Amino acid sequence: MLFPSQTLDPNADETTVIALADSAAEEPLPIALGIYAAADPLVLQTPITPNPRSLRIGDPSLRLLPLLGDPSRGSFARPGLKGYRTVPNNTDIGHDWSARFTLTAAPVIQGNVLTISAEDRAAGLGLTTEIESLIGGSLRIRHTVTNLTVGTYALESLEVRIPLADNQTEIMDFTGRHENERQPQRHGVADGTWLREGRRGKPSFEGSMIIAGTAGFDFDSGSVVAVQPAWSGNSVLAVDRTCEDAAAICAGELLLPGEIMLERGERYSTPWIMITASEHGLDGVAHSLHAWQRSLPAHPDVQPITLNVWEAVYMDHDFNTLSEIARRAAAIGVERYVLDDGWFHDRRDDHAGLGDWWVDPQVWPDGLGPLIGLVHNLGMQFGLWFEPEMVNPDSDLFREHPDWVMQTGGRLPIQQRNQYVLDLTNPDAFNHVLNAMSRVFEEYAIDYVKWDHNRDLADAGSAARGGAPAVHEQTLAFYRLLDTLHERFPHVQWESCASGGGRIDMGVVEHVSRVWTSDMTDALSRQRIQRWTVQTMAPEYMGAHISAPTSHQSHRTYSLAFRAATAVFYGFGIEWNILQASDDDMRELKTWVIWYKSNRELLHSGRVVRLDIADPAVYGYGVIARDRSQAVIAHAQIEESSSNRGIWLRVPGLQREAEYALSWTGPVPAEAALETLDSSGPIGANGTISGEMLERVGVWIPRCRPETIRLIAVKRV
């Protein structure tokens, strides 16, 4: 059978389809034959099921597996379920460690969800697999295991197994660090297991995604499958192949020892595992995910231009300075003003105050009301920084409740950034944070919250449960706290920040309207970081700010034009003490604000494209309108090119038979290194080019000076 048999979203370029062997009650779990991408699932046929000897006996022939790796049927690949049962008054351990599931009924389709139900009566376990087709064309899959009998079932792992085609021989995943998130790395698929375990209690700076595809897949080419857990906690991803078992990507939550102990009648569900297939390379995957995100309730209708004062003042809060920044911001058209870290009790540096969520009267003797009133009177939203899951040792909260810190072994964990993690699985700690934040929102008209998370979860046990591991429950508590606050204060919008881009995932995106892409605001570094974060996140979610002329992180200096053009495609904003900006700077900033506002609807609704360019010193990227009537394309000369040949800028995805006019756009004139560019556009004032020629041949752009960007408006004539 094929699921879905027809597309849920008529606007989707492709639909991800799973092929399962036909199955009925009392039969084994259906074999997963493949994952495919199709513009119309109706044109596909269920693949012919091979009939190797391994389907009948344990011979070492080609072995085809269901969505749950199943050792009981002869596979020596990565098992999908690991666990065992302990029985009261029985000193033997390790019961029911090998499950063999059979269907309790044929798979059932209701709407856009396929459900497969199975049991192992001997092991006393039930298994439900749900497969959901999403707006945008992606699938998501999750398993649920239920303990059906007496005894405690100690669950060690539960993973979804996604089959790969035999020609999908290359994988891409990501590495990263603070201020250099999501840098790609490629490997060949080989026998054995390539394993990525996220143990930090959040996705961290590398994120949690693996992409497999045909050799050399790129932005616009290749048959690819992307897999990622929709989860903000620990995760596991693996590419697995044996000499008999076909290659697959396995994905789930990484469970700590003893974290999930199921009593009779209790169940555990994996996070949703997002699966996106495309015959059009990496951008095809991105298009599908962006379309889904734009269907979410928390998706912003309009992403306001945001000024955050962090790099302007850090924790040196002075009402007069902050007021003048607000006035200058409003004068150039900023729409949201965010007061970052430093406003609450004893928070003069990062050694104290976390957990004490009330306004510090020494710094704010009149409270935040005067600043918030000024910001609102200037026509801007007001945002405030919190780090709800953390506590400093130097805080009233810690002194009163040291047992509320996540810990195990009767010891406090090692400190990071002078702080500990607050145990939100403890109801008292959860309610304390909920009520403290609620009091701030009840007293002040807060429109927006930057929610930060600045350390990893080490020794993350709950003292309320004897130090038992609690990352799973902590992640659920984070979602619950965020959702409860949203219910109480529905007008507030939320940003996910974790030392920058450390908590950007398909789980948190259902709860927030913006993410902070990176603490690195250096424009050159941001070009690389944003290039790969947009693989997962729609551009309007990705906070991208114009920093000071000389970067606070790298100490490199760039023109305002380069900094602004780097930020303007995304969640555009400013992270700069504009009191230090010259009058010329302020005038230019205002022109960028005006350009962004006039192009925001296109930038944040169209299809993102990243261009495959032969010269690694040049990036090409942009956005194409859904109706293909227009586009904005950036030509970014990142470094010095090794030749004077220039590049051909090929733009896929426009209407092939239509003619397009090209013109320079943006506040700054387009310039090259050796050539004088035609001021009207890349092909002159009266020239046009067809969509097919623009995709196949492109337009020539000469070598340009490094750290410069040209913006091109493409319009159908």
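Nothing here was measured: the structure is a model prediction, and the numbers come from that model.

Which residues make up the overall build of the protein, and what values do they have?
Within the protein one finds 11 helices and 41 strands. Its C-alpha atoms give the protein a radius of gyration of 27 Å, within 12% of the compact-globule value 27 Å for 717 residues. If one aligns the C-alpha atoms of the protein with their principal axes, the spans along those axes are about 80 × 70 × 40 Å. In the protein, buried positions account for 61% of the 717 residues. Intrachain contacts of the protein at a sequence separation of at least 6 include 70% that bridge at least 24 residues. Total accessible area computed for the protein in this model is approximately 26800 Å², and 49% of it derives from carbon and sulfur atoms. Taking the average location of the 61 positive side-chain charges in the protein and that of its 92 negative ones, the two points are 3 Å from each other.

Before we move on, can you summarise the sheet that holds strand 1 (residues 2-3) with the specific residues and values?
In spatial order, the strands read 1-2-3; together these three strands make up an open sheet with antiparallel pairing. The open sheet has two edge strands, strand 1 and strand 3 (32-38), and neither has a second partner. Bridging between strand 1 and strand 2 (residues 15-20) involves two bridges; their strand directions are antiparallel. Opposite Leu2, over in strand 2, you have Ala19 as the bridge partner.

I'd like a description of the nonpolar core, backed by residues and values.
Taken as a class, soluble globular proteins show a tendency for nonpolar side chains to be buried jointly. Counting 133 residues, the largest nonpolar core has Tyr337, Leu339, Trp343, Trp494, Phe569 and Ile578 as its most contacted members. When sequence neighbours within four positions are dropped, the list of residues in contact with Ile578 reads Leu307, Ile325, Arg328, Ala329, Met586 and Leu589. Ranked by size, the runner-up nonpolar core spans 47 residues in total, among them Val145, Ile171, Leu237 and Tyr268.

Residues and numbers for the pairing of strand 38 (residues 659-665), please.
Of the pairings in the sheet, the one linking strand 38 to strand 39 (residues 689-690) comprises two bridges and is antiparallel in character. Bridge pairing in strand 39 links Tyr660 to Ile689. Of the strand pairs in this sheet, strand 38 and strand 41 (residues 708-716) are connected by six bridges, and their pairing is antiparallel. Residue pairing for strand 41: Trp664 is matched across the bridge by Ile712.

How would you summarise the side chain of Thr521 if you had to cite specific residues and measurements?
By secondary structure assignment, the location of Thr521 is in the loop between strand 31 (514-516) and helix 8 (523-533). Of the polar contacts made by the side chain of Thr521, one reaches the side chain of Gln553; its length is 3.0 Å. Those residues within four positions of Thr521 in sequence are excluded, and the remaining contacts are Glu311, Trp516, Arg526, His545, Ser547, Gln553 and Glu575.

So what's going on with the sheet that holds strand 23 (residues 336-339)? Which residues, and what values?
The strand order 22-23-24-27-30-31-32-33 describes a closed barrel built from eight strands, whose pairing is parallel. Pairs of neighbouring strands in the sheet enclose a mean axial angle of 30°, with direction left out of account. As judged from the four bridges shared by strand 23 and strand 24 (residues 381-386), these two strands associate in the parallel manner. Looking at the pairing, Arg336 lines up with Gln381 of strand 24. Against the sheet, helix 6 (residues 427-443) touches strand 24, strand 27 (448-451) and strand 30 (493-496), its axis set at about 160° to strand 24. Sheet strands touched by helix 9 (residues 560-567): strand 32 (542-547) and strand 33 (571-575). Its angle to strand 32, the strand with the most contacts, is close to 170°.

For a nonpolar patch on the surface, give the residues involved together with the corresponding values.
Judged by side-chain polarity, Trp648, Met693, Val697 and Trp700 come together as a nonpolar surface patch covering roughly 370 Å² of accessible area. On the secondary structure map, Trp648 appears in strand 37 (residues 647-649).

So what's going on with helix 7 (residues 471-488)? Which residues, and what values?
Compared with an ideal rise of 1.5 Å per residue, which puts 18 residues at 26 Å, helix 7 spans 26 Å between its outermost C-alpha atoms and is within 8% of the ideal. Listed as buried for helix 7 are Val471, His472, Gln474, Thr475, Ala477, Phe478, Tyr479, Leu481, Leu482, Thr484 and Leu485.

Go over the side chain of His143, please, and point to the residues and values.
Residue position: His143 is located in strand 10 (residues 139-147). Overall, the relative accessible area of 0% leaves His143 in the buried class. Among all residues touching His143, those that are not within four sequence positions of it are Leu67, Leu68, Leu127, Thr128, Thr129, Leu158, Glu159, Val160, Tyr268, Ser269 and Thr270.

Can you break down unusual backbone geometry residue by residue, with the values?
Trans peptide bonds make up most of the peptide bonds, and negative phi angles are found at most residues other than glycine. The amide bond that connects Phe3 to the next residue, Pro4, takes the cis arrangement and shows omega of -10°. Mapped onto the elements of the fold, Pro4 is located in the loop between strand 1 and strand 2. Not every positive phi belongs to a glycine, and Asp459 is a case in point at roughly 50°. For Asp459, the position within the fold is in the loop between strand 27 and strand 28 (461-462). The backbone phi angle of Glu707 is positive, close to 60°, even though this residue is not glycine. Mapping Glu707 onto the fold places it in the loop between strand 40 (699-701) and strand 41.

A description of the packing of helix 8 against helix 9 should follow, citing residues and the corresponding values.
The interhelical angle for the contact between helix 8 and helix 9, taken along N-to-C directions, is 20°, at an axis separation of 9 Å. Taken together, the axes of helix 8 and helix 9 are roughly parallel relative to one another. Crossing of helix 8 against helix 9: the hand is left-handed. Each of Ala523, Leu524, Arg526, Gln527 and Gln530 in helix 8 lies in contact with helix 9, whose residues at this interface are Phe562, Arg563 and Thr566.

Tell me what's going on with the packing of helix 9 against helix 10 (residues 583-603), and back it up with residues and numbers.
Two numbers describe a pair of packed helices, the interaxial angle and the distance between the axes. Orientation of helix 9 relative to helix 10, taken along the N-to-C sense of each, is 25°, at an axis distance of 11 Å. Here helix 10 runs roughly parallel to helix 9, going by the angle between their axes. Remark: the crossing between helix 9 and helix 10 carries right-handed chirality. Contacts from Leu560, Ala561, Ala564 and Ala565 of helix 9 reach helix 10 at Asp585, Glu588, Leu589 and Trp592. Looking at the contact of helix 9 with helix 10 residue by residue, the class counts come to six nonpolar, no polar and two charged.

Lay out the pattern of salt bridges with the relevant residues and their values.
This structure, assessed with the given rule, holds 38 salt bridges. A salt bridge links Glu510 to Arg140; its shortest N-O distance comes to 3.4 Å. Of the two residues, Glu510 sits in the loop between strand 30 and strand 31 while Arg140 sits in strand 10, which places them 370 residues apart along the sequence. By relative accessible area, which is 12% here, Arg140 ends up buried. A salt bridge links Arg399 to Asp394; the nearest nitrogen and oxygen atoms lie 2.9 Å apart. Given the relative accessible area of 47%, Arg399 is considered partly exposed. Put simply, Asp13, Arg607, Arg626 and Arg628 are held in one network by salt bridges that share partners.

The rules behind these values
Residues numbered from 1 in each chain as written. Predicted model: local features only at pLDDT ≥ 70, side-chain atom pairs only at ≥ 80, totals over all residues. Heavy atoms only, no water. Helix = DSSP H or I, 4+ residues; strand = E, 2+ residues; numbered from the N terminus. Rg over C-alpha atoms; globule rule 2.2 N^0.38 Å. Buried < 20%, exposed > 50% of the residue type's maximum accessible area, 1.4 Å probe, protein only. Contact = heavy atoms within 4.5 Å. Areas by Shrake-Rupley, 256 points an atom, 1.4 Å probe, with all protein chains shown as cover. Lys, Arg positive; Asp, Glu negative; His and termini not counted. Charge placed at Lys NZ, Arg CZ, Asp CG, Glu CD. Pairing = 2+ DSSP bridges. Core = buried A, V, L, I, M, F, W, Y, C linked by side-chain atoms within 4.5 Å. Polar contact = N/O pair within 3.5 Å; in protein donor to acceptor, adjacent residues only side chain to side chain. Axes fitted to C-alpha atoms, helices over the stretch in contact; angles between N-to-C directions. Patch = residues over 30% accessible without salt bridge, like charges linked within 9 Å, V, L, I, M, F, W, Y side chains within 5 Å. Salt bridge = Lys/Arg side-chain N within 4 Å of Asp/Glu carboxyl O. Expected span 1.5 Å × (residues − 1). Parallel < 35°, antiparallel > 145°, perpendicular 65-115°, else oblique. Left-handed = near helix turned anticlockwise from the far one by under 90°. Nonpolar A, V, L, I, M, F, W, Y, C, P; charged D, E, K, R; others polar.

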